[in-house]
Amino acid sequence: MKTVLITGASRGIGAAAAERFAQAGYQVVLNYLHSAEKAQALAARWPGRALAVGADVADPAQVQAMFDAAEEAFGGVDVLVCNAGFAAQKLFTDVTDGEWRRMLDVHLSGAFYCCRRALPHMIRQKWGRILTVSSMWGQVGGSCEAAYSAAKAGLIGLTRALAKEEGPSGITVNCVAPGVIDTDMMAGFSADDRAALAGEIPLGALGTPGQVADALVFLAGDGAGYITGQVLGVNGGLVV
Ligand code: NAP
(Lines give C-alpha, C1' and ligand atoms only; values in the text may rest on other atoms or scores of the structure.)
Protein backbone atom coordinates (compact mmCIF):
# COMPACT_ATOMS: atom_id res chain seq x y z
CA MET A 1 0.00 0.00 0.00
CA LYS A 2 1.47 3.39 -0.97
CA THR A 3 1.74 6.27 1.49
CA VAL A 4 0.96 9.87 0.59
CA LEU A 5 1.89 12.85 2.75
CA ILE A 6 -0.19 15.95 2.06
CA THR A 7 0.81 19.26 3.58
CA GLY A 8 -2.06 21.56 4.55
CA ALA A 9 -4.59 18.71 4.61
CA SER A 10 -6.90 20.01 7.33
CA ARG A 11 -9.03 22.13 5.01
CA GLY A 12 -9.75 22.98 1.37
CA ILE A 13 -7.78 21.37 -1.43
CA GLY A 14 -5.53 19.38 0.91
CA ALA A 15 -8.50 17.90 2.80
CA ALA A 16 -10.19 16.95 -0.48
CA ALA A 17 -6.93 15.37 -1.64
CA ALA A 18 -6.71 13.36 1.60
CA GLU A 19 -10.21 12.05 0.96
CA ARG A 20 -9.55 11.16 -2.69
CA PHE A 21 -6.20 9.46 -1.93
CA ALA A 22 -7.80 7.49 0.92
CA GLN A 23 -10.62 6.41 -1.40
CA ALA A 24 -7.97 5.32 -3.91
CA GLY A 25 -6.44 3.01 -1.28
CA TYR A 26 -3.45 5.02 -0.04
CA GLN A 27 -2.20 5.38 3.52
CA VAL A 28 -2.54 9.09 4.18
CA VAL A 29 -0.52 11.47 6.36
CA LEU A 30 -2.48 14.69 6.85
CA ASN A 31 -0.38 17.67 7.85
CA TYR A 32 -1.92 20.72 9.51
CA LEU A 33 -0.75 23.92 11.14
CA HIS A 34 -3.58 25.20 13.40
CA SER A 35 -6.60 23.00 12.61
CA ALA A 36 -5.70 19.96 14.71
CA GLU A 37 -9.30 18.93 15.37
CA LYS A 38 -10.27 19.06 11.71
CA ALA A 39 -7.23 17.06 10.62
CA GLN A 40 -7.73 14.49 13.36
CA ALA A 41 -11.43 14.12 12.56
CA LEU A 42 -10.56 13.51 8.91
CA ALA A 43 -7.86 10.98 9.78
CA ALA A 44 -10.30 9.14 12.06
CA ARG A 45 -12.38 8.28 8.98
CA TRP A 46 -9.71 5.79 7.84
CA PRO A 47 -8.64 4.01 11.04
CA GLY A 48 -5.22 2.42 10.83
CA ARG A 49 -4.28 4.04 7.54
CA ALA A 50 -4.45 7.76 8.19
CA LEU A 51 -2.46 9.95 10.55
CA ALA A 52 -2.75 13.66 11.34
CA VAL A 53 0.56 15.39 12.08
CA GLY A 54 0.97 19.03 13.09
CA ALA A 55 3.95 20.89 11.63
CA ASP A 56 4.75 24.30 10.25
CA VAL A 57 6.25 23.45 6.85
CA ALA A 58 8.33 26.63 7.07
CA ASP A 59 10.34 25.09 9.92
CA PRO A 60 12.80 22.39 8.79
CA ALA A 61 12.96 20.81 12.26
CA GLN A 62 9.16 20.41 12.33
CA VAL A 63 9.22 18.97 8.80
CA GLN A 64 11.86 16.48 9.93
CA ALA A 65 9.72 15.43 12.91
CA MET A 66 6.62 15.11 10.69
CA PHE A 67 8.40 12.72 8.30
CA ASP A 68 9.80 10.77 11.26
CA ALA A 69 6.22 10.29 12.53
CA ALA A 70 5.01 9.27 9.06
CA GLU A 71 7.81 6.73 8.69
CA GLU A 72 7.18 5.28 12.11
CA ALA A 73 3.51 4.79 11.27
CA PHE A 74 3.66 3.67 7.65
CA GLY A 75 7.27 3.36 6.46
CA GLY A 76 8.56 5.78 3.81
CA VAL A 77 6.51 8.38 2.01
CA ASP A 78 5.93 7.37 -1.64
CA VAL A 79 3.89 10.38 -2.75
CA LEU A 80 4.44 13.91 -1.47
CA VAL A 81 1.90 16.67 -2.08
CA CYS A 82 3.27 20.15 -1.25
CA ASN A 83 -0.03 21.98 -0.83
CA ALA A 84 0.19 24.03 2.38
CA GLY A 85 -0.28 27.72 1.80
CA PHE A 86 -2.14 30.93 2.40
CA ALA A 87 -3.09 33.98 0.37
CA ALA A 88 -2.44 37.66 1.06
CA GLN A 89 -3.52 40.65 -0.98
CA LYS A 90 -1.69 43.93 -0.54
CA LEU A 91 -0.23 46.75 -2.55
CA PHE A 92 3.34 45.73 -3.35
CA THR A 93 4.80 48.82 -1.70
CA ASP A 94 2.99 48.01 1.57
CA VAL A 95 4.38 44.47 1.90
CA THR A 96 6.69 44.24 4.94
CA ASP A 97 9.94 42.28 5.11
CA GLY A 98 8.28 39.83 7.47
CA GLU A 99 5.23 39.30 5.22
CA TRP A 100 7.46 38.73 2.19
CA ARG A 101 9.65 36.25 4.07
CA ARG A 102 6.71 34.32 5.54
CA MET A 103 5.15 33.94 2.09
CA LEU A 104 8.35 32.50 0.61
CA ASP A 105 9.11 30.46 3.74
CA VAL A 106 5.76 28.65 3.73
CA HIS A 107 5.17 28.12 0.02
CA LEU A 108 8.66 27.75 -1.42
CA SER A 109 11.04 26.86 1.41
CA GLY A 110 8.32 24.62 2.87
CA ALA A 111 8.28 22.62 -0.37
CA PHE A 112 12.09 22.55 -0.38
CA TYR A 113 12.25 21.14 3.17
CA CYS A 114 9.59 18.52 2.41
CA CYS A 115 11.10 17.42 -0.93
CA ARG A 116 14.60 17.21 0.55
CA ARG A 117 13.35 15.04 3.41
CA ALA A 118 11.15 12.84 1.18
CA LEU A 119 13.63 12.13 -1.61
CA PRO A 120 16.18 9.73 -0.05
CA HIS A 121 13.49 7.06 0.46
CA MET A 122 12.11 7.60 -3.05
CA ILE A 123 15.59 7.43 -4.57
CA ARG A 124 16.39 4.22 -2.64
CA GLN A 125 13.24 2.51 -3.91
CA LYS A 126 13.65 4.04 -7.40
CA TRP A 127 10.02 5.24 -7.36
CA GLY A 128 8.32 8.33 -6.13
CA ARG A 129 5.86 11.07 -6.94
CA ILE A 130 6.23 14.71 -5.94
CA LEU A 131 3.36 17.08 -6.57
CA THR A 132 3.42 20.79 -5.93
CA VAL A 133 0.36 23.00 -5.71
CA SER A 134 1.12 26.33 -7.33
CA SER A 135 -1.51 28.75 -8.66
CA MET A 136 -2.51 30.42 -11.89
CA TRP A 137 -0.95 33.54 -10.32
CA GLY A 138 2.38 31.71 -10.38
CA GLN A 139 1.89 31.35 -14.12
CA VAL A 140 0.66 34.82 -15.05
CA GLY A 141 1.13 37.04 -11.97
CA GLY A 142 -1.62 38.63 -9.88
CA SER A 143 -2.00 42.32 -9.08
CA CYS A 144 -1.64 42.98 -5.33
CA GLU A 145 -0.36 39.42 -4.96
CA ALA A 146 3.28 39.89 -5.93
CA ALA A 147 4.71 37.91 -3.00
CA TYR A 148 2.20 35.09 -3.54
CA SER A 149 2.83 35.11 -7.30
CA ALA A 150 6.61 35.06 -6.81
CA ALA A 151 6.41 32.15 -4.35
CA LYS A 152 4.08 30.21 -6.64
CA ALA A 153 6.26 30.88 -9.71
CA GLY A 154 9.20 29.65 -7.66
CA LEU A 155 7.34 26.40 -7.04
CA ILE A 156 6.99 25.92 -10.80
CA GLY A 157 10.75 26.41 -11.23
CA LEU A 158 11.42 23.94 -8.41
CA THR A 159 9.08 21.41 -10.04
CA ARG A 160 10.75 21.63 -13.43
CA ALA A 161 14.31 21.47 -12.11
CA LEU A 162 13.60 18.60 -9.74
CA ALA A 163 11.84 16.65 -12.50
CA LYS A 164 15.06 16.69 -14.51
CA GLU A 165 17.27 15.80 -11.56
CA GLU A 166 15.11 12.98 -10.20
CA GLY A 167 13.83 11.45 -13.44
CA PRO A 168 16.74 8.99 -13.64
CA SER A 169 15.71 7.75 -10.17
CA GLY A 170 12.20 6.88 -11.31
CA ILE A 171 10.63 9.87 -9.59
CA THR A 172 8.20 12.18 -11.33
CA VAL A 173 7.69 15.77 -10.21
CA ASN A 174 4.66 17.70 -11.40
CA CYS A 175 2.72 20.79 -10.49
CA VAL A 176 -0.98 21.53 -10.33
CA ALA A 177 -1.87 25.19 -10.81
CA PRO A 178 -5.42 25.84 -9.57
CA GLY A 179 -7.49 28.80 -10.71
CA VAL A 180 -10.27 30.13 -8.47
CA ILE A 181 -11.23 27.31 -6.14
CA ASP A 182 -14.06 27.51 -3.63
CA THR A 183 -12.25 27.09 -0.28
CA ASP A 184 -11.76 29.18 2.88
CA MET A 185 -9.27 31.17 0.82
CA MET A 186 -12.30 32.69 -0.95
CA ALA A 187 -14.13 33.47 2.31
CA GLY A 188 -13.49 37.20 1.97
CA PHE A 189 -15.38 37.41 -1.34
CA SER A 190 -19.06 38.47 -1.34
CA ALA A 191 -21.70 36.58 -3.34
CA ASP A 192 -21.60 39.37 -5.95
CA ASP A 193 -17.79 39.15 -6.23
CA ARG A 194 -18.01 35.39 -6.66
CA ALA A 195 -20.66 35.69 -9.34
CA ALA A 196 -18.52 38.26 -11.16
CA LEU A 197 -15.51 35.96 -10.92
CA ALA A 198 -17.53 33.01 -12.23
CA GLY A 199 -18.61 35.17 -15.15
CA GLU A 200 -14.96 35.59 -16.19
CA ILE A 201 -14.27 31.87 -16.17
CA PRO A 202 -14.91 30.11 -19.50
CA LEU A 203 -16.47 27.10 -17.74
CA GLY A 204 -18.72 29.55 -15.83
CA ALA A 205 -18.08 28.46 -12.24
CA LEU A 206 -15.54 28.46 -9.43
CA GLY A 207 -13.66 25.18 -9.13
CA THR A 208 -14.14 22.74 -6.28
CA PRO A 209 -11.38 21.32 -4.05
CA GLY A 210 -12.35 17.86 -5.30
CA GLN A 211 -11.57 18.84 -8.89
CA VAL A 212 -8.03 19.80 -7.90
CA ALA A 213 -7.72 16.64 -5.79
CA ASP A 214 -8.71 14.50 -8.79
CA ALA A 215 -5.82 15.99 -10.80
CA LEU A 216 -3.40 15.25 -7.94
CA VAL A 217 -4.54 11.62 -7.65
CA PHE A 218 -4.20 11.22 -11.42
CA LEU A 219 -0.63 12.60 -11.43
CA ALA A 220 0.31 10.25 -8.56
CA GLY A 221 -1.04 7.20 -10.34
CA ASP A 222 0.48 4.70 -12.76
CA GLY A 223 -1.43 6.28 -15.66
CA ALA A 224 0.76 9.38 -15.29
CA GLY A 225 4.05 7.47 -15.23
CA TYR A 226 5.47 9.21 -18.32
CA ILE A 227 4.47 12.73 -17.25
CA THR A 228 7.05 14.80 -15.41
CA GLY A 229 8.06 18.44 -15.09
CA GLN A 230 4.59 19.58 -16.16
CA VAL A 231 2.22 22.25 -14.89
CA LEU A 232 -1.41 21.18 -15.06
CA GLY A 233 -3.86 24.08 -14.85
CA VAL A 234 -7.13 23.31 -13.07
CA ASN A 235 -8.77 26.65 -13.75
CA GLY A 236 -11.90 26.29 -15.87
CA GLY A 237 -10.08 27.80 -18.84
CA LEU A 238 -9.21 31.10 -17.12
CA VAL A 239 -5.52 30.71 -17.98
CA VAL A 240 -4.68 28.69 -21.07
P1 NAP B 1 -7.20 26.74 2.68
O2 NAP B 1 -8.55 26.15 2.55
O3 NAP B 1 -7.03 28.07 3.32
O4 NAP B 1 -6.26 25.67 3.45
C5 NAP B 1 -4.91 25.94 3.64
C6 NAP B 1 -4.25 24.74 4.28
O7 NAP B 1 -2.85 24.99 4.42
C8 NAP B 1 -4.78 24.47 5.68
O9 NAP B 1 -4.85 23.08 5.86
C10 NAP B 1 -3.71 25.08 6.57
O11 NAP B 1 -3.58 24.45 7.83
C12 NAP B 1 -2.48 24.77 5.76
N13 NAP B 1 -1.33 25.61 6.09
C14 NAP B 1 -1.17 26.96 5.95
N15 NAP B 1 0.04 27.34 6.34
C16 NAP B 1 0.68 26.22 6.74
C17 NAP B 1 1.98 25.95 7.25
N18 NAP B 1 2.87 26.95 7.43
N19 NAP B 1 2.32 24.68 7.56
C20 NAP B 1 1.43 23.68 7.39
N21 NAP B 1 0.19 23.85 6.91
C22 NAP B 1 -0.17 25.12 6.59
O23 NAP B 1 -6.47 26.87 1.28
P24 NAP B 1 -6.73 26.14 -0.12
O25 NAP B 1 -7.55 27.02 -0.94
O26 NAP B 1 -7.13 24.73 0.10
O27 NAP B 1 -5.24 26.20 -0.69
C28 NAP B 1 -4.38 25.07 -0.74
C29 NAP B 1 -3.25 25.41 -1.69
O30 NAP B 1 -3.77 25.70 -2.98
C31 NAP B 1 -2.43 26.63 -1.27
O32 NAP B 1 -1.06 26.41 -1.51
C33 NAP B 1 -2.96 27.73 -2.17
O34 NAP B 1 -2.01 28.73 -2.38
C35 NAP B 1 -3.28 26.94 -3.42
N36 NAP B 1 -4.26 27.59 -4.30
C37 NAP B 1 -5.53 27.85 -3.86
C38 NAP B 1 -6.43 28.48 -4.72
C39 NAP B 1 -7.87 28.80 -4.33
O40 NAP B 1 -8.53 29.53 -5.09
N41 NAP B 1 -8.37 28.33 -3.23
C42 NAP B 1 -6.02 28.85 -5.99
C43 NAP B 1 -4.72 28.58 -6.39
C44 NAP B 1 -3.85 27.94 -5.53
P45 NAP B 1 -4.44 24.89 9.15
O46 NAP B 1 -5.88 24.85 8.77
O47 NAP B 1 -4.10 23.81 10.14
O48 NAP B 1 -3.96 26.24 9.55
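1. Structural notes on the overall build of the protein chain
The helix and strand inventory of the protein chain stands at eight helices and seven strands. Considering only C-alpha atoms, the protein chain reaches an extent of 45 × 35 × 35 Å along its principal axes. Taking all 240 residues of the protein chain together, 50% fall into the buried category. Look at the contacts in the protein chain between residues 6 or more apart in sequence, and 70% of them connect residues 24 or more apart. Carbon and sulfur atoms make up 54% of the accessible area of the protein chain, which totals about 10900 Å². Taken together, the 18 basic and 22 acidic charged side chains of the protein chain have centroids lying 6 Å from each other.

2. Comments concerning the sheet that holds strand S4 (residues 79–82)
Here we have seven strands laid out as an open sheet, ordered S3-S2-S1-S4-S5-S6-S7, and parallel in their pairing. The sheet is open, and its two borders are formed by strand S3 (50–54) and strand S7 (231–234), each paired with just one other strand. The mean inter-strand angle of the sheet, taken between neighbouring strand axes irrespective of direction, is 20 degrees. With four bridges joining them, strand S1 (residues 3–6) and strand S2 (residues 27–32) adopt parallel strand pairing. Residue Ile-6 lies in a different strand from S2, and its bridge partner there is Leu-30. Seen against the sheet, helix H2 (residues 36–43) touches S2 and S3 and runs at an angle of roughly 170 degrees to S2.

3. Considering the packing of aromatic side chains
Taken as a whole, this structure holds two aromatic pairs when the rule is applied. Pairing Phe-21 with Tyr-26 gives two aromatic rings, centres 4.8 Å apart and planes at 90 degrees, and the pair type is edge-to-face. A relative accessible area of 0% means that Phe-21 is categorised as buried. Judged by centre distance (5.5 Å) and plane angle (50 degrees), the rings of Phe-112 and Tyr-113 are tilted. The class for Tyr-113 is buried, based on a relative accessible area of 16%.

About the criteria used
Residues numbered from 1 in each chain as written. Predicted model: local features only at pLDDT ≥ 70, side-chain atom pairs only at ≥ 80, totals over all residues. Heavy atoms only, no water. Helix = DSSP H or I, 4+ residues; strand = E, 2+ residues; numbered from the N terminus. Buried < 20%, exposed > 50% of the residue type's maximum accessible area, 1.4 Å probe, protein only. Contact = heavy atoms within 4.5 Å. Areas by Shrake-Rupley, 256 points an atom, 1.4 Å probe, with all protein chains shown as cover. Lys, Arg positive; Asp, Glu negative; His and termini not counted. Charge placed at Lys NZ, Arg CZ, Asp CG, Glu CD. Pairing = 2+ DSSP bridges. Axes fitted to C-alpha atoms, helices over the stretch in contact; angles between N-to-C directions. Phe/Tyr/Trp six-rings, centres within 6.5 Å; stacked < 30°, edge-to-face > 60°.

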